[in-house]
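These are the residues of each chain, in order.
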Amino acid sequence: MRIAAVVLAAGRGRRAGGPKALLRVGASSFLERAVSVLSPPAADVVIVVLGHDAARVRSESSLPAETAVVVNAAWEDGMLGSVVAGLDAAEAAGADAILLHPVDHPLVAAATVTRVAEALRAGALVAVPSYGGRRGHPGGFARGAWPALRAAPPAQGARQVLASHPDWIVHVEGDRGCVAGVDTPEDYRRLIGADMIGGS
């Protein structure tokens with residue numbers, strides 16, 4: 001099975017004060033960390049979907065040369081457009097499944113990503129990590145689930161697919177980082193605290 005990781009990094013980051021892809025944890029940006037943890041052997045190819053201020057985000061990010069970058073020109077219409085752009089790129093790359101990961105969850109552990117990928121390779125149609133009773137990221141979607149992703153309501157996207165098809169989902173063990181997202185400056189300050197970075 002060929003797996004493509006799709007990093008969703010197209011938003012404006014209005015509540016966070018700018019593109020969340022460029023926020024930093026230690027020496028790396030959120031985008032750089034996401035690409036690193038999703039790179040082989042977890043996934044066979046990494047696709048980054050940019051949108052708002054795409055040229056700046058690309059120029060200020062140190063990404064491996066093999067990283068595929070696509071731009072969602074309609075990023076203002078919501079995240080589903082970026083999901084579809086990522087699916088198109090994954091399909092063109094010959095992928096059989098995707099790992100869908102929002103850039104604002106930069107501290108997900110490599111072990112969590114590996115468990116999601118392993119569940120897909122074992123035959124799961126959808127694989128999702130959980131931590132503390134909460135669903136986290138990345139979500140894994142095999143090719144059989146892609147039509148449902150493409151047809152999802154723009155305001156709900158992948159969440160609607162998960163809600164409508166609980167029988168598709170294989171749950172795997174996650175880590176604290178898989179549920180630690182950043183929407184606001186307060187979220188960011190909490191996330192970069194030593195206890196968050198050092199914990200799992």
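Residues numbered from 1 in each chain as written. Predicted model: local features only at pLDDT ≥ 70, side-chain atom pairs only at ≥ 80, totals over all residues. Heavy atoms only, no water.

1. Quick look at the packing of aromatic side chains
In this structure the tally under the stated criterion is 1 aromatic pair. Look at F30 and Y188: their rings are 5.9 Å apart centre to centre, the planes differ by 65°, and that puts the pair in the edge-to-face class. One end of the pair, F30, is in helix α1 (residues 30-38); the other, Y188, is in helix α7 (residues 185-191), and 158 residues separate them in sequence. (Phe/Tyr/Trp six-rings, centres within 6.5 Å; stacked < 30°, edge-to-face > 60°. Helix = DSSP H or I, 4+ residues; strand = E, 2+ residues; numbered from the N terminus.)

2. Some points on the environment of G51
Examined against the element boundaries, G51 turns out to sit in the loop between β4 (45-50) and α2 (54-59). Taking C-alpha positions, G51 is 7.1 Å from A9, a pair spaced 42 residues apart along the chain. Discounting residues that sit within four places of it in the chain, G51 has contacts with A9, A10, V71, N72 and W75. (Contact = heavy atoms within 4.5 Å.)

3. So, the layout of surface pockets
Leftover empty space is mapped by rolling, across the atoms, a probe with the size of a water molecule. Reported here for the largest pocket is a volume of approximately 1100 Å³. The wall of the largest pocket is formed by 42 residues, among which L8, M79, P102, D104 and R159 lie closest to the centre. Every element with two or more residues in the lining of the largest pocket is listed here: β1 (3-9), α3 (79-92), β6 (97-102), β8 (134-135), β9 (139-142) and α6 (158-164). The element best represented in the lining of the largest pocket is α3, accounting for 4 residues. Looking at side-chain class alone, the lining of the largest pocket contains 21 nonpolar, 11 polar and 10 charged residues. (1 Å grid on protein atoms, 1.4 Å probe; cavity = no way out; pocket = protein on both sides within 12 Å on 5 of 7 lines; lining within 4 Å. Points joined across faces, edges and corners; volume = space filled by probe spheres on them. Nonpolar A, V, L, I, M, F, W, Y, C, P; charged D, E, K, R; others polar.)

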